[in-house]
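# Structural characterization, general
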Amino acid sequence: MPIRKKLTILGSGAAGLTAAIYAARANLEPLVIQGLQAGGQLTITTDVENFPGFPNGILGPQLMEEMHKQAERFGTQFIYDNAESVDLTKTPFVIKTSGEEVHSDTVIIGTGAQAKWLGLDSEQKLMGRGVSACATCDGFFFRDKIVFIVGGGDTAMEEAVFLTRFATSVTLVHRRDTFRASKIMVDRAMKNPKIKMCLNSTIDEIFDVSKNEVTGVRIRNLQTGELSEHPADGVFIAIGHHPNSDLFKGQIKMNENGYIETDGVKTSIPGVFAAGDVQDEIYKQAVTAAGTGCAAALEAQWYLEKLEAGLIPSNSEPANKANPQKAAAGVHE
Ligand code: NDP
């Protein structure tokens, strides 16, 4: 027997759990399909010092555990599994996990994004211990330290400049000698006396896993093959993100990078909302994810009120499907 829900939330990061807290307090008895990395990206970080309400900071995993408890307290149900397939082409929407089938009147997509990594073993082992993919989150911990940043896009340039507020030296390592970043951002980084450029190069090892902290990096020059070792206290990886949106491809409007397109938090499908990093290519912060999670829950609540009042046809094709012209234009009804 399928599980029948008014609201199903995909993802259990800051967006999904905030949506669950709001929806549960509105008596919607939401179901959260947590995903196998329950708690999202904050579970792979250590201290979080920029989430309001925690003047002394809080550990990322603890913050997520508290959000989970808060959502549970008001009646959220959880399934600890990945959503394996979704059908958003008709209502109720159908979500399948390995063991369950869920039929839901509304869906909030909060599946997040993943930072891209270089793929080094040492990088994974030292993550949160000097290796980070977010200068905004972790730059503050590198006051008077030596840091390296990898990437040649706008994020790398912006984060390199941001890191100079704290670090004594910032070395930007990029695999080519031309940049993907906009000229103005490159110029800004180039002009900053604290930033050194290390081009046609990559970091191929981060030291020291045995000490459980970053003490240095090994750089490989990709043209000459030459290796050099340098002391370092921090390594920032800024080589882009992947939104976790593959499951929805072909069903919902996305931009060319796979981020779900939203008008506020409304997607191209009425009754389906998106919150957090899966729809946010710019800010990618826990607090902005929580903010959009709240907005998505309120939108779902208002949509359900209309559905219950008979103002939206139920058990039918979504409005956009029924009107291909409006669907093409991404119009919400
Ligand atoms: P991008 O995809 O634009 O850039 C990624 C960079 O990382 C590229 O230089 C790429 O190198 C490099 N890279 C990718 N994979 C690897 C790898 N395995 N090893 C080494 N280097 C690698 O991502 P961003 O996060 O920088 O930007 C994402 C979007 O956000 C862009 O559209 C950007 O313009 C926008 N943005 C805008 C900002 C602003 O306007 N203020 C600020 C930040 C982001 P290569 O060039 O060789 O492919």
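No experiment lies behind these values; they were computed from the predicted model shown.

Scoring rules and cut-offs
Residues numbered from 1 in each chain as written. Predicted model: local features only at pLDDT ≥ 70, side-chain atom pairs only at ≥ 80, totals over all residues. Heavy atoms only, no water. Helix = DSSP H or I, 4+ residues; strand = E, 2+ residues; numbered from the N terminus. Rg over C-alpha atoms; globule rule 2.2 N^0.38 Å. Buried < 20%, exposed > 50% of the residue type's maximum accessible area, 1.4 Å probe, protein only. Areas by Shrake-Rupley, 256 points an atom, 1.4 Å probe, with all protein chains shown as cover. Lys, Arg positive; Asp, Glu negative; His and termini not counted. Charge placed at Lys NZ, Arg CZ, Asp CG, Glu CD. Near = heavy atom within 4 Å. Polar contact = N/O pair within 3.5 Å; in protein donor to acceptor, adjacent residues only side chain to side chain. Pairing = 2+ DSSP bridges. 1 Å grid on protein atoms, 1.4 Å probe; cavity = no way out; pocket = protein on both sides within 12 Å on 5 of 7 lines; lining within 4 Å. Points joined across faces, edges and corners; volume = space filled by probe spheres on them. Nonpolar A, V, L, I, M, F, W, Y, C, P; charged D, E, K, R; others polar. Domains from an automatic or database assignment. Axes fitted to C-alpha atoms, helices over the stretch in contact; angles between N-to-C directions. Parallel < 35°, antiparallel > 145°, perpendicular 65-115°, else oblique. Left-handed = near helix turned anticlockwise from the far one by under 90°. Contact = heavy atoms within 4.5 Å. Buried area = accessible area lost by both parts, 1.4 Å probe. Salt bridge = Lys/Arg side-chain N within 4 Å of Asp/Glu carboxyl O.

Now for the overall build of the chain. Scanning the chain from N- to C-terminus turns up nine helices and 19 strands. At 22 Å, the chain has a C-alpha radius of gyration in line with the 20 Å of a compact globule built from 333 residues. A principal-axis box enclosing the C-alpha atoms of the chain has dimensions of 65 × 45 × 35 Å. Out of the 333 residues belonging to the chain, those deemed buried represent 48%. Split by element, the accessible area of the chain, about 16,200 Å² in all, is 49% carbon and sulfur. Taking the 32 positively charged and 40 negatively charged side chains of the chain as two groups, their mean positions are separated by 3 Å.

The local shell around the ligand holds 14 residues, among which D154, T155, R175, R176 and R180 are the closest. Contacts to the ligand include R175, whose side-chain N or O atom sits 2.9 Å from an oxygen atom. One of the side-chain N or O atoms of R180 is found 2.5 Å from an oxygen atom in the ligand. Burial of the ligand by the protein chains amounts to 68% of its free accessible area of 910 Å².

Read across the open sheet, the five strands follow the order 10-17-11-12-13; overall the sheet is parallel. Since the sheet does not close on itself, it has two edges, and those belong to strand 10 (131-132) and strand 13 (195-198), each with one partner. As defined by bridge partners, strand 12 (residues 169-173) adjoins strand 13 across four bridges and the pair is classed as parallel. Bridged to V173 within strand 13 is C198.

Moving on: the layout of surface pockets. Quantified by volume, the second largest pocket comes out at close to 800 Å³. Around the second largest pocket sit 28 residues that line it, and K116, R180, A238, I239 and G240 are the ones nearest its centre. Of all the secondary-structure elements, those providing two or more residues to the lining of the second largest pocket are helix 5 (154-163), strand 14 (201-207) and strand 18 (241-243). Residues that form the lining of the second largest pocket fall into these classes: 10 nonpolar, 11 polar and seven charged. Split by domain, the residues of the lining of the second largest pocket number at least three in each of domain 1 (3-114 + 241-328) and domain 2 (117-237).

To continue, consider the packing of helix 1 (residues 14-25) against helix 7 (residues 286-308). Look at helix 1 against helix 7: their axes get within 7 Å of each other, and the N-to-C directions meet at 40 degrees. The angle between the axes of helix 1 and helix 7 places the two elements in the oblique class. Seen from above, helix 1 lies across helix 7 with right-handed handedness. Every residue of helix 7 that contacts helix 1 at A14, A15, T18, A19, Y22 and A23 is listed here: A286, A289, A290, G293, C294, A297 and L298. Looking at side-chain class alone, the contact of helix 1 with helix 7 contains 11 nonpolar, two polar and no charged residues.

This part covers the environment of H103. Structurally, the position occupied by H103 is in strand 8 (residues 101-109). Distance in space between the C-alpha atoms of H103 and F93 is 5.6 Å, their sequence separation being 10 residues. In this structure, H103 is in contact with P2, I3, R4, K5, P92, F93 and V94, ignoring residues within four places of it in sequence.

So, about the domain arrangement of the chain. Examined at the domain level, the chain breaks down into domain 1 (3-114 + 241-328) and domain 2 (117-237). Each side of the interface is counted separately: domain 1 has seven residues, and domain 2 has nine residues. Summed over both partners, the interface of domain 1 with domain 2 comes to about 670 Å²; 50% of that surface belongs to carbon and sulfur atoms. The tally of links from domain 1 across to domain 2 stands at zero salt bridges. Partitioning the side of domain 1 that touches domain 2 into residue classes produces one nonpolar, four polar and two charged.

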